Amino acid sequence: MAKHINILVVDDSAFMRLLLTDLLSKDDELNVVGSAVDGKEAVKLAKELRPDVVLMDMNMGEFDGLYAVEKIMQVHPVPILILSSVGNTNLDPIFDALELGAVDYINKPQKGGSKVREIGVHLVATVKRVARAKPKATKIEKDGLNKLSHTFDSKALYHAIVIGASTGGPTAVEKVITSLPANLNVPVLIGQHMPTNFIKSFAARLDFISPLKVVVGKKGMIPKPGMVIIAPGDTNMVLVKDKSDTVKIGYSDEHFKEYNNPSINALMMSAAKVYGSKVIGVLLTGMGKDGVNGLQEIKSSGGMTIAQDEASSVIYGMPKLAYETGAAETVLNIKEIGGYLVNCL
């Protein structure tokens, strides 16, 4: 019999705590061991009950979700899944929670209770996935950004960097992008598994904290040095060459069994095709297999391939498979990837 996943539910609404307990308890593998009304009680119960997952709201008066994430990561590091409607209006607190150590986030429907049942299947699946995570706070040193210019050779050794990430990715991607210099001599293309409504905010956040220009990819856009292009969440972004051999952003209708919208494999495979040996592929934290075949194609085309190491991954799934299959030639801690990329260029 499968081991129970013990869950602590944290929400300031008594109705929501009951509803979530009822929803989760219907699954044989899940077991709600307690509930808390705010961040302060959540910290106390996380320490006492030692749950496998904490399912937590963000807005809860004085002791909110951010307070709880930070303190729980100090007293009893445990996978925390944020379930909040705050993301309907402002995603910054969510990204802050992820940076403090929360593993993943689900948007709570605005209509509250009645609508939460509609995300039940997704919620249960996410709780099970998050239970396998190794949570870690990754503080992004806002004043430690790489604003310095780097002296590159006049001719770039590579023409692009392609990065793929899933669970735990937003903070990992942030860590890499903020360690790249302001005068980066190649474009960076990113496939991050994330709900569509998140991606615009994610790009805006990265653009704000990084000296590089960060945008969401649009069809026909030309990747230029110093540009960071994030794949939109409603399509598979690819790279194509036009008649004059100019590399541009395109969208693909092809369905990829590992993951779609955005597919990391779609992005990496197309990069291998248009850039050949002049591309660096990087696969970061996440569950599943997306990006492994893409990394393999980059390697086969003569490009360079890197995977995040186990110690710094929230979920060591995609990078682990990339390492085990030989798709990744180099395995690095997230703190080292930015510097390594700059040295390669």
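Refer to the structure above for everything that follows.
Residues numbered from 1 in each chain as written. Predicted model: local features only at pLDDT ≥ 70, side-chain atom pairs only at ≥ 80, totals over all residues. Heavy atoms only, no water.

> Could you clarify how one ought to interpret the pattern of salt bridges in this entry?
When the charged atoms of two side chains with opposite charge come close together, those side chains can pair. Here the structure, examined in full by the defined rule, presents 16 salt bridges. Across the pair Lys128 and Asp27 runs a salt bridge, and its minimum N-O distance is 3.0 Å. Of this pair, Lys128 sits in helix 6 (residues 120–130) while Asp27 is found in the loop between helix 1 (14–25) and strand 2 (30–36), placing the two residues 101 residues apart along the sequence. A salt bridge links Lys213 to Asp207, with the nearest nitrogen and oxygen atoms 3.9 Å apart. For Lys213, a relative accessible area of 47% corresponds to the partly exposed category. A cluster of three or more residues bridged by salt bridges with shared partners is formed by Asp92, Asp96, Glu99, Glu174 and Arg205. (Salt bridge = Lys/Arg side-chain N within 4 Å of Asp/Glu carboxyl O. Helix = DSSP H or I, 4+ residues; strand = E, 2+ residues; numbered from the N terminus. Buried < 20%, exposed > 50% of the residue type's maximum accessible area, 1.4 Å probe, protein only.)

> Help me out: how do you make sense of the layout of surface pockets in this one?
Rolled over the atoms, a probe with the dimensions of a water molecule shows which regions are left empty. Of the volumes computed, that of the largest pocket is approximately 490 Å³. Asp104, Arg129, His193, Met194 and Pro195 are the residues nearest the centre of the largest pocket, which is lined by 25 residues in total. The set of elements that each furnish at least two residues to the lining of the largest pocket consists of strand 5 (104–107), helix 6 and helix 8 (196–209). With four residues, strand 5 is the single largest residue contributor to the lining of the largest pocket. Its boundaries defined by the atoms lining it, the second largest pocket holds a volume of some 210 Å³. Forming the walls of the second largest pocket are Val238, Leu239, Val240, Ser252, Glu254, Phe256, Ala266, Met269, Ser270, Lys273, Val274 and Glu297. (1 Å grid on protein atoms, 1.4 Å probe; cavity = no way out; pocket = protein on both sides within 12 Å on 5 of 7 lines; lining within 4 Å. Points joined across faces, edges and corners; volume = space filled by probe spheres on them.)

> Looking at this structure, how should I read the pairing of strand 3 (residues 53–56)?
Along a regular strand, successive side chains alternate from one face of the sheet to the other. The alternating pattern of strand 3 places Val53 and Leu55 on one face and Val54 and Met56 on the opposite face, and all of these are buried. Relative to strand 3, strand 1 (residues 5–10) runs parallel, the two being bridged by four bridges. Note that in strand 3 the partner of Val10 across the bridge is Met56. Judged from the three bridges that link them, strand 3 and strand 4 (residues 80–84) form a sheet pairing that is parallel. (Pairing = 2+ DSSP bridges.)

> I keep staring at the packing of helix 4 (residues 92–100) against helix 7 (residues 169–178) and nothing clicks. Help me out?
Helix-helix packing is characterised by the crossing angle of the two axes and by the distance between the axes. Contact pair helix 4 / helix 7: the axes reach a minimum separation of 8 Å and the direction vectors enclose 85°. Of the possible angle classes, the one that applies to helix 4 and helix 7 is roughly perpendicular. Across the interface between the two elements, Phe95, Leu98 and Glu99 from helix 4 touch Pro170, Thr171 and Glu174 from helix 7. A breakdown of the residues in the contact of helix 4 with helix 7 according to their chemical character gives three nonpolar, one polar and two charged. (Axes fitted to C-alpha atoms, helices over the stretch in contact; angles between N-to-C directions. Parallel < 35°, antiparallel > 145°, perpendicular 65-115°, else oblique. Contact = heavy atoms within 4.5 Å. Nonpolar A, V, L, I, M, F, W, Y, C, P; charged D, E, K, R; others polar.)

> Hey, could you run me through the nonpolar core in this one?
One recurring pattern in soluble globular proteins is that nonpolar side chains are buried together. Residues Met56, Ile163, Ile177 and Ile280 are the most contacted members of the largest nonpolar core, which totals 64 residues. Counting residues per element, this core draws most heavily on helix 8, which supplies six residues. In terms of nonpolar packing, the next biggest core, distinct from the first, is built from 29 residues, Val162, Val215, Ala231 and Leu295 among them. (Core = buried A, V, L, I, M, F, W, Y, C linked by side-chain atoms within 4.5 Å.)

> It is not clear to me how helix 4 should be interpreted in this structure. Could you clarify?
It helps to recall that an α-helix has 3.6 residues per turn; residues three or four apart then point in one direction. Across the nine residues of helix 4, seven count as buried, placing the element largely inside the fold. All of the buried residues along helix 4 are Pro93, Ile94, Phe95, Ala97, Leu98, Glu99 and Leu100. Considering only its buried residues, helix 4 is in contact with helix 3 (65–75), strand 4, strand 5, helix 7 and helix 8. Gly101 sits one or two residues past helix 4 and shows a positive phi near 130°.

> Explain the packing of helix 7 against helix 12 (residues 334–344) here, please?
It is the contact of helix 7 with helix 12, at a shortest axis distance of 8 Å, that shows an interaxial angle of 35°. When the axes of helix 7 and helix 12 are compared, the crossing they make is right-handed. Touching Ala172, Lys175 and Val176 of helix 7 are Ile334, Lys335, Ile337, Gly338 and Leu341, all from helix 12. Split into classes, the residues belonging to the contact of helix 7 with helix 12 amount to five nonpolar, one polar and two charged. (Left-handed = near helix turned anticlockwise from the far one by under 90°.)

Geometric values such as these leave the question of function open.
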